[in-house]
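Single-letter residue listing:
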Amino acid sequence: MTKFTTSLVLGLLIVSSGAAMAKQRTVTLVVDNMYCEACPYMVKKTIEKVSGVSKVTVSFKEKTAVVVFDDARTQVNDLTNAATKAGFPSMPRSREGK
Ligand SMILES: [Cu+2]
């Protein structure tokens, strides 16, 4: 088998097993109930505990949380549910104004 064919086969394998592969996704959540400087910290800690989450950046000013997560291990709903349960109702920004 040539090197080219080998990498082609490997590439196809990776694509076809996409669901099982760790795939990083970024979502921006609009977070409600952040009224003081301590809230963003709470939101960050809460969302970071969700399995599959690798990075959380919370903006107090914008009332958002930008979350990087592995979509094979967690879903946007899990993120918003965790924040909501902690007292910070949130939703993905893309669904705003629906
Ligand atoms: Cu607060």
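Please refer to the structure placed before this passage.
Residues numbered from 1 in each chain as written. Predicted model: local features only at pLDDT ≥ 70, side-chain atom pairs only at ≥ 80, totals over all residues. Heavy atoms only, no water.

**Quick word on the overall build of the chain**
The helix and strand tally for the chain stands at three helices and four strands. Each helix and strand of the chain, placed in order from N terminus to C terminus, yields the pattern α-β-α-β-β-α-β. Out of the 98 residues belonging to the chain, those deemed buried represent 32%. Partitioning the intrachain contacts of the chain with sequence separation of at least 6 by distance along the chain shows that 62% fall at a separation of at least 24. When the accessible surface of the chain is split by element, carbon and sulfur atoms take 59% of a total near 6600 Å². (Helix = DSSP H or I, 4+ residues; strand = E, 2+ residues; numbered from the N terminus. Buried < 20%, exposed > 50% of the residue type's maximum accessible area, 1.4 Å probe, protein only. Contact = heavy atoms within 4.5 Å. Areas by Shrake-Rupley, 256 points an atom, 1.4 Å probe, with all protein chains shown as cover.)

**Things to note about the side chain of Ser90**
Counting through the fold element by element, Ser90 comes out in strand 4 (residues 90–92). Its relative accessible area of 14% is what places Ser90 among the buried residues. Excluding residues that lie within four positions of it along the chain, Ser90 makes contacts with Leu29, Val30, Val31, Thr80, Ala83 and Thr84.

**Considerations on the sheet that holds strand 3 (residues 64–70)**
Read across the open sheet, the four strands follow the order 2-3-1-4; overall the sheet is antiparallel. Unpaired on one side and paired on the other, strand 2 (53–59) and strand 4 mark the two borders of the sheet. Strand-to-strand twist in this sheet, taken as the mean axis angle between neighbours without regard to direction, amounts to 25°. Strand direction decides the pairing type here: strand 2 and strand 3, joined by six bridges, are antiparallel. Bridge pairing in strand 3 places Val56 opposite Val67. Along the sheet, helix 2 (residues 39–48) contacts strand 1 (24–31), strand 2 and strand 3; its crossing angle with strand 2, the most-contacted strand, is approximately 165°. (Pairing = 2+ DSSP bridges. Axes fitted to C-alpha atoms, helices over the stretch in contact; angles between N-to-C directions.)

**Concerning helix 3 (residues 76–85)**
Given 3.6 residues per turn, any residue in an α-helix points the same way as the ones three and four places further on. What helix 3 keeps buried is the set Val76, Leu79, Thr80, Ala82 and Ala83. For helix 3, the angular spread of buried residues about the axis comes to 160°, placing them on one side. Here the buried face of helix 3 lies against strand 1, helix 2, strand 2, strand 3 and strand 4. Among the residues trailing helix 3, Gly87 stands out with phi positive, at a value near 100°. (Arc of directions from axis to C-beta.)

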